[in-house]
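Examination of the molecular architecture
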Amino acid sequence: MTRASSSDRPSWADVLGGTPSRVAASILFAGALCLFLACCVYTGNSDDDWTVSFYLSGRIDGQGLSLHVNALLSQLVYGLNSVLSNLNWFFVIEHLIAFGALAALVYGVLTWWRSASGVAVLALVIALVMSNCISSSNYTYVAFFATAVGGALLIQRLRDQSVGLPAMVVGGLLLASGLALRLQMFAMGLPFLALAVLWALWTQRDRLRVSDLPKVLLPLGAVALVCCGMLLYDHVIWQQDGWRQWREYNEPRTAISDYPMPEYSEAEGSLEEAGVSENDYFMLRNWASADVDTLDTTTISQVAELQIKPDLSPSAIAASLIDYVRQSFDHLSLFGPLLVVFAILQIEARHSHVLVLLELCVALAVCLYFYAAGRLPDRVEEPAWLYACIASLAVALPREPAGEHPVRGWRYWVVCGVSGAMLVGGLAYAAQRNVPYFSVDGLRVALTQAEVEASGPISSYVEEHPDSTFVVDTGTYTRFEKEYGYRYLPRTDTATRMLPLGGWGSGSPFRRRQSELLGATNPFEALVSDDATYLITTPDMAERVLVFLREHYDHQVTMAQVDTVLPDGQDTPVWDFTPSDAQ
C-alpha cells in the first residue's frame, strides 16, 4: 500500500469544508465582536444571570447548584469560583459559549450557506441575539443560540458526508452547552431541529444508501447519548437531601409568581381551606415566599392549583392569534422581519417552501401557547422565531462546494455589497442598542471579582454596618444587583449579610444556612429573633411583612423605622422589629 504524501492529505480547513483564510476570518470576526461587547458597560436586563452566578460563587456556605443550570455545569462553575475567585466564572463560560456559537455560525454562512438569506440571518443574529448574549448576559439567549447553531452543524452532516469530525464535535459541544445552560430552551428547540433532520433525510433519500445511515446518524446518536447522560447526572445530584426539597418547593412557587392567578375574592374559599390569608396570598404572588416553614410545599402546591388555565377553545385560539399578530407588529418583534427572511428563503429554494412553512407553524404554536398562558417574554418569543429561521437555513438553502467564489459579474458584486451592508448595519444596530460606549474600567473590575466594592446606596449601607444583617424584598434586592452592574459579585462579608425575603432561592440550602447563623430557620423568623437583623423595603411592603409576622410568629411584634437609604434616588426605610417579650 502506498503511503499518501503530505500534499495529498486534507488540511483541517479542508475537513471543515472551507479554506484557511475563511476559517481565520470567521474566528477573528466573531472574536472581535465578542470582545467588544464583553468589555462594554452593561445596560440591559440579565434574566437572573447575576443570581445564577452568585448562587455558584462560593461566597456563601452550602452553595453548589442552581435551579436553572445543569448540575454538571453548576459544579464546574462552583469549583472554578472556589479555586480562582477573581473571575466570575459563570459569565466567562457564558461568553465562551456565545463566542463559539457565533464563530460556528459565521463559518457556516461563509462556507455552506453563501447566499443573501444566510447573510440576512447572520445580520439578525448580530443585531438581536448577540447583544442579549453578551452585553445583557442573558443565559436563556445563549442556551438558544448554542442549541440552534449546534443543531445546524449536525444537520449539515446529513446533507454532506464530507463535513468533517471537527465540525461535528463543535456542533455536539454547542448542543450540550445549550442543555447545560437552560434545559427548557434546549427542549423548545428540539421540535425545530427534529423537523429539519427529518426533512434533510427525506430530501437525501435518493442519494443515501441504507449502509450510509449508521455513519450519517452516528453524530446525532453520540450527542443524544451525551445529553441523556447529563440529564441523568442532573437527576441523581438533585436527589440529595436539601437540594431535592428546594426544587420541589420552587415548582409551585414558579406557577404562582410567574403565571396568571385569580384575585383573592375569587378564590377566598379555597385559600381559607388551605390556611392562606389574604396577606399570605399577596406575599406568594409577589415572590415574598421565603418562609418555607409556614408557606410550605404542601400549602403553596394547593395554591398553585388555582392557576388560571389558558383557554384552548378554537375561538379563543383565533382571538389570541389576531391579538398576537397585532401586538407583534406594534412592538416591532421578530415576527415581521422573519417573514422577510423566509420570503428570501422561498425564492432561493422553492423546493423547501413546505419545510419553511412547517417551521413557521411550530414557532407560531410556541408563541401562541405562552401568549395564551399569559407569559410570553422576549427571551422566549425571539428564540422561537430564530429557531425556525436557523433550522430552515441549515436545510433549505442550496449548498455550494468549498472554495472561493468565482467572479460572476455585476450580480455577484451587488449581492456582496448588500450582504456587507447588512452585516455592518447589524453590528452598528447591536452597538447602539445595548452597548453605547467602551469601558476599560469595566474589564479591569471583571478581573478582580474578589475585591469589588460597589458604590451604590444599598451596598454601601451594608458595608458601613458590618455587624448587622439585612433582609430585603425582591425589588430592593434587584436594585442591589444593579449596583454591581449585573456582572460583578459582592465580597464574601457583604454577600453573607444580605437575605432576600423571597425569590427563587427560597428554601435553598445556602439560604437556610444564612438563617441558621442568625438562630433562625428563615428570613422572617430572623427579623423577630435576631436583634441585629433589619428589613430594608418600602413602607407598604414593610406593613405586609408586619402583618405576616403577627399572623404566624408573634401577635404583638412591633415595627419602627430606624434609618433610610436612597436606592435610585428613592427613600427606602430601614426597619427594626421588636418581639413582644422584649417590649
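Check the entry above for the structure.
Some details on the overall build of the protein
- Secondary structure summary: the protein contains 26 helices and five strands in total.
- By the burial criterion, 53% of the 583 residues in the protein qualify as buried.
- When contacts within the protein are restricted to residue pairs at least 6 apart in sequence, those whose partners lie at least 24 apart make up 77%.
- Of the roughly 25,400 Å² of accessible surface on the protein, a fraction of 61% belongs to carbon and sulfur atoms.

Re the pattern of salt bridges
- Inspection of every chain in the model, using the stated rule, returns eight salt bridges.
- For the salt bridge of Arg244 with Glu248, the shortest nitrogen-to-oxygen distance reads 3.7 Å. Pair noted here: Arg244 and Glu248 are both in helix H11 (residues 243-258), with a separation of four residues, about one helical turn.
- Judged by its relative accessible area of 40%, Glu248 is partly exposed.
- For Asp258, the salt bridge goes to Arg375, with nearest N and O atoms at 4.0 Å. A residue pair is termed long-range when its members are at least 10 positions apart, and Asp258 in helix H11 and Arg375 in the loop between helix H17 (353-372) and helix H18 (378-396) qualify at 117 residues.
- Judged by relative accessible area, which is 26%, Arg375 ranks as partly exposed.
- One salt-bridge network, held together by shared partners, links Glu463, Arg491 and Asp493.

Looking at the nonpolar core
- If you look at the biggest cluster of nonpolar residues, it comprises 108 residues, and the most contacted ones within it are Phe144 and Phe145.
- For this core, the element with the most residues is helix H7 (residues 139-159), which contributes 14 residues.
- If we ignore the near neighbours within four places in the chain, the residues touching Phe145 are Ala98, Ala101, Leu102, Leu105, Val125, Val129, Met130 and Cys133.
- In terms of nonpolar packing, the next biggest core, distinct from the first, is built from 39 residues, Ala267, Leu284, Ile300 and Phe577 among them.

Concerning the pairing of strand E3 (residues 533-536)
- Note that strand E1 (residues 469-472) and E3 share four bridges and pair parallel. Bridge pairing in E3 links Val471 to Leu535.
- By the bridge criterion, two bridges tie E3 to strand E5 (residues 572-578) in an arrangement that is antiparallel. Opposite Leu535, over in E5, you have Trp575 as the bridge partner.

Quick word on the sheet that holds strand E2 (residues 498-500)
- Taken together, five strands build an open sheet; the order of strands is E2-E1-E3-E5-E4 and the sheet is mixed. Each edge of the sheet is formed by a strand with only one pairing partner; in this case those strands are E2 and strand E4 (558-565). Each strand axis lies, on average, 30 degrees off the axis of its neighbour in the sheet, ignoring direction.
- Helix-sheet contacts for helix H26 (residues 539-552) involve E3, E4 and E5, and the interaxial angle to E5 is about 15 degrees.

Re empty space enclosed by the protein
- Counted according to the given criterion, the structure contains one cavity of 30 Å³ or more.
- Approximately 90 Å³ is the volume attributed to the largest cavity.
- What lines the largest cavity is a set of 14 residues, and nearest its centre among them are Ala290, Ser506, Gly507, Arg511 and Pro523.
- Of the residues forming the lining of the largest cavity, the biggest block, three residues, is contributed by helix H24 (residues 509-517).
- Its residues assigned to classes, the lining of the largest cavity shows four nonpolar, eight polar and two charged.

Digging into a nonpolar patch on the surface
- Residues Leu165, Val169 and Leu173 make up a contiguous nonpolar surface patch of roughly 310 Å² in combined accessible area.
- Tracing the sequence through the fold places Val169 in helix H8 (residues 165-181).

Things to note about the environment of Thr533
- Tracing the backbone shows Thr533 in strand E3.
- C-alpha of Thr533 to C-alpha of Val471: the two residues are 62 residues apart in sequence and 7.1 Å apart in space.
- If near-sequence neighbours (up to four positions away) are discounted, Thr533 is found in contact with Thr469, Val471, Leu518, Ala526, Leu527 and Asp576.
- Here Asp530 takes part through its side chain, which lies 2.7 Å from a polar atom of the side chain of Thr533.

Quick notes on the packing of H7 against H18
- Where H7 meets H18, the closest approach of the two axes is 9 Å, and the angle between their N-to-C directions is 15 degrees. In this view, H7 runs roughly parallel relative to H18, as classed from their interaxial angle. The chirality of how H7 crosses H18 is right-handed. The residues of H18 that touch H7, namely those facing Thr140, Tyr141, Ala143, Phe144, Thr147, Ala148, Ala152, Ile155, Gln156 and Arg159, are Asp378, Arg379, Glu382, Pro383, Leu386, Tyr387, Ile390, Ala394 and Val395.
- Its residues assigned to classes, the contact of H7 with H18 shows twelve nonpolar, three polar and four charged.

Cut-offs used in this document
Residues numbered from 1 in each chain as written. Predicted model: local features only at pLDDT ≥ 70, side-chain atom pairs only at ≥ 80, totals over all residues. Heavy atoms only, no water. Helix = DSSP H or I, 4+ residues; strand = E, 2+ residues; numbered from the N terminus. Buried < 20%, exposed > 50% of the residue type's maximum accessible area, 1.4 Å probe, protein only. Contact = heavy atoms within 4.5 Å. Areas by Shrake-Rupley, 256 points an atom, 1.4 Å probe, with all protein chains shown as cover. Salt bridge = Lys/Arg side-chain N within 4 Å of Asp/Glu carboxyl O. Core = buried A, V, L, I, M, F, W, Y, C linked by side-chain atoms within 4.5 Å. Pairing = 2+ DSSP bridges. Axes fitted to C-alpha atoms, helices over the stretch in contact; angles between N-to-C directions. 1 Å grid on protein atoms, 1.4 Å probe; cavity = no way out; pocket = protein on both sides within 12 Å on 5 of 7 lines; lining within 4 Å. Points joined across faces, edges and corners; volume = space filled by probe spheres on them. Nonpolar A, V, L, I, M, F, W, Y, C, P; charged D, E, K, R; others polar. Patch = residues over 30% accessible without salt bridge, like charges linked within 9 Å, V, L, I, M, F, W, Y side chains within 5 Å. Polar contact = N/O pair within 3.5 Å; in protein donor to acceptor, adjacent residues only side chain to side chain. Parallel < 35°, antiparallel > 145°, perpendicular 65-115°, else oblique. Left-handed = near helix turned anticlockwise from the far one by under 90°.

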